[in-house]
Amino acid sequence: MKRIYLVGFMGCGKSAVGRRLSFALKLPFYDMDKEIVRQTGMPIPEIFKLYGEEYFRDLETEFLQNFNHDNCIISTGGGVAMREVNRRIMRDTGLVLFLDAPFREIWRRIHKDPNRPIVQQSTREEIEAMFKKRYRNYKAAAHITIRTEFRTLRQITQYAAFQVNRLKSG
Ligand SMILES: Nc1ncnc2c1ncn2[C@@H]1O[C@H](COP(=O)(O)OP(=O)(O)OP(=O)(O)O)[C@@H](O)[C@H]1O
Ligand SMILES: O=C(O)C1=C[C@@H](O)[C@@H](O)[C@H](O)C1
Ligand SMILES: [Mg+2]
């Protein structure tokens, strides 16, 4: 197994599941959003405000192009699977898992979070339209889709670990 990438919309659980999966599989964990904040020394809302969204998207692609660790878990940012080049890198260098959560759950989790600039600037309707538009890109990026509705973080992590082990030994 090379890398395990978690993709999906904001609030679907990539960071929360990634952290737990790292513990379960005893593999190091990288959260792309946190790595970009560390590398630039700026919080994400500030990067968006000072340099704009495209600049942040370029940072995401650069991160994937330059990342040089294997055998690890990577939680991606919610927009990473939108670029074809990012999808290609992820699929070529690892196993991609899509955490598929229903929009109403996602909205409940994210609508008050000040660290998600896109949510702060948009209405619920706009975010739902974005969710629908993005869905096919998460599907296109993923080797495996994990439906998370009615599942606890622990159950999702166990299922993800089961899939990783199954594919490793297959
Ligand atoms: N299946 C679940 N059951 C209960 N809580 C969950 C579940 N999935 C996620 N959460 C909670 O929802 C919140 C958002 O999850 P998280 O931060 O992991 O999302 P994310 O996919 O990393 O979002 P982003 O793309 O914005 O970084 C967290 O508080 C997390 O604990
Ligand atoms: O869905 C998105 O476009 C984003 C999700 C977050 O993980 C961050 O990467 C940033 O807030 C943008
Ligand atoms: Mg996250």
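Up top is the structure.
Computed from a predicted structure; not experimentally measured.

(A) Summary view of the sheet that holds strand β5 (residues 144-147). Spatially, 5 strands are ordered β2-β3-β1-β4-β5 in an open sheet, and the strand pairing comes out parallel. Looking at the sheet topology across the chains shown, the edges are occupied by β2 (29-31) and β5. Each neighbouring strand pair of the sheet contributes to a mean axis angle of 20 degrees, computed without reference to strand direction. Looking at chain direction, strand β1 (residues 3-7) and strand β3 (residues 72-75) are connected through 4 bridges and run parallel. Within β3, the residue paired with I4 across the bridge is I73. Across the face of the sheet, helix α1 (residues 14-25) comes into contact with β1, β2, β3 and β4 (94-100) while running at roughly 170 degrees to β3. Helix α5 (residues 84-93) contacts β1 and β4 of the sheet and is inclined by roughly 120 degrees relative to β4.

(B) Structural context of the site of ligand 1. Contacts to ligand 1 come from 19 residues, most closely from G13, K14, S15, A16 and G78. Counting residues per element, the ones that place at least two in the shell around ligand 1 are α1 and α9 (153-169). No other element matches the 3 residues that α1 contributes to the shell around ligand 1. The residue inventory of the shell around ligand 1, partitioned by class, reads 5 nonpolar, 9 polar and 5 charged.

(C) Inspection of the pairing of β1 at higher detail. With 4 of 5 residues buried, β1 is to be regarded as a mostly interior element. Judged from the 5 bridges that link them, β1 and β4 form a sheet pairing that is parallel. In the strand pairing of β4, V7 is matched with F98.

Cut-off values and rules
- Residues numbered from 1 in each chain as written.
- Chains lettered and ligands numbered in written order.
- Predicted model: local features only at pLDDT ≥ 70, side-chain atom pairs only at ≥ 80, totals over all residues.
- Pairing = 2+ DSSP bridges.
- Helix = DSSP H or I, 4+ residues; strand = E, 2+ residues; numbered from the N terminus.
- Axes fitted to C-alpha atoms, helices over the stretch in contact; angles between N-to-C directions.
- Contact = placed C-beta atoms within 7 Å.
- Near = placed C-beta within 6 Å.
- Nonpolar A, V, L, I, M, F, W, Y, C, P; charged D, E, K, R; others polar.
- Buried ≥ 20, exposed ≤ 12 C-beta atoms within 10 Å, placed from the backbone.

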